[in-house]
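Next come the chains, spelled out residue by residue.
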Amino acid sequence: MSLDTDYFAQLMSSELDVSKQLFTLLQQELDAVQHQRTADLDTLKPAKAQQVADLKQQAGIRLKWMQSHELPLTPECLRHPDLKQNTSVLELWQQLAAQYDLNRQISERLSEMVIALRFRAEQKLRILHARQNDPHLYNENGKTAGANPGFKSIEA
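On a plain count of helices and strands, the chain comes out with four helices and zero strands. Secondary structure of the chain in N-to-C order comes out as α-α-α-α. Each of the 156 residues in the chain was classed as buried or not, and the buried ones make up 28%. Counted over contacts in the chain with a minimum sequence separation of 6, partners at least 24 positions apart contribute 62%. In the form shown here, the chain has an accessible surface area of approximately 10,700 Å², with 53% of it arising from carbon and sulfur atoms.

Next up, the structure:
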């Protein structure tokens, strides 16, 4: 039984388009985080959630098609004689793999930035509440001041 390689290429092309759109949203989110534009983040959140859902759906359709044709869900599927003959399938597979890698990299970068910003915000809150913090607060003599733990606010 021969495979409909054009349909498979169409599935991968659709998935690639959605993946590229997600990458664009991730770049916008990264820019918003870097410039601390929370209003932009609020706007991007639902759009990104929809893109992720669309990508899951597109990938699910492709994987289901591959399973129904008893193809491995790995690059090994490209060894199938019908897929070997369709050069666009190989190119699309490589583009899709590269795009998934780019999305993963930008997602990791975003995660690291969010974690760092959260840590800084927690430090600032500790300072504002006059709790022990690291680095320690210094007194007027340049020595660490033993800030009393509690809920006293630092006066500006």
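Anyway, onward from the coordinates.
Note that Leu71 resides in the loop between helix 2 (38–68) and helix 3 (81–85). Not counting residues up to four positions away in its chain, the partners in contact with Leu71 are Leu3, Trp65, Met66, Cys77, His80 and Leu83.

Between helix 1 (residues 5–34) and helix 2, the least distance of the axes is 9 Å, while the angle of their chain directions is 160°. As summarised for this structure, helix 1 and helix 2 are arranged roughly antiparallel, according to the angle between their axes. Between helix 1 and helix 2 lies a crossing of left-handed hand. Looking at the contact of helix 1 with helix 2, its residues break down into 19 nonpolar, six polar and six charged.

Reading guide: rules and limits
- Think of each chain on its own: its residues are numbered from 1, step by step along the sequence as written.
- Note on the predicted model: pLDDT of at least 70 is required for a residue's local features to be given, and 80 or more for side-chain atom pairs to be given and counted; whole-chain, interface and lining totals, by contrast, use all residues.
- Based on all heavy atoms of the structure, the side-chain values leave hydrogens and waters out of the count.
- Put simply, DSSP H or I for four residues or longer makes a helix, DSSP E for two residues or longer makes a strand, and each gets a number counted from the N terminus.
- Relative accessibility under 20% of the residue-type maximum defines a buried residue, over 50% an exposed one, and the middle range a partly exposed one, all with a 1.4 Å probe and only protein chains included.
- Any two residues having at least one pair of non-hydrogen atoms within 4.5 Å are treated as being in contact.
- Only the protein chains shown count as cover for residues, with accessible areas throughout obtained via the Shrake-Rupley method and a probe of 1.4 Å.
- In this analysis an axis means a line fitted to C-alpha atoms, helices contributing only their contacting stretch, and an angle means the value between N-to-C directions, from 0 to 180 degrees.
- Roughly parallel covers angles under 35 degrees, roughly antiparallel covers those over 145, roughly perpendicular covers 65 to 115, and oblique covers all other angles.
- Crossings are classed by handedness, with left-handed meaning an anticlockwise turn of the near helix from the far one by less than a right angle and right-handed meaning a clockwise turn.
- Just so you know the grouping, Ala, Val, Leu, Ile, Met, Phe, Trp, Tyr, Cys and Pro go in nonpolar, Asp, Glu, Lys and Arg go in charged, and all remaining residues, Gly too, go in polar.

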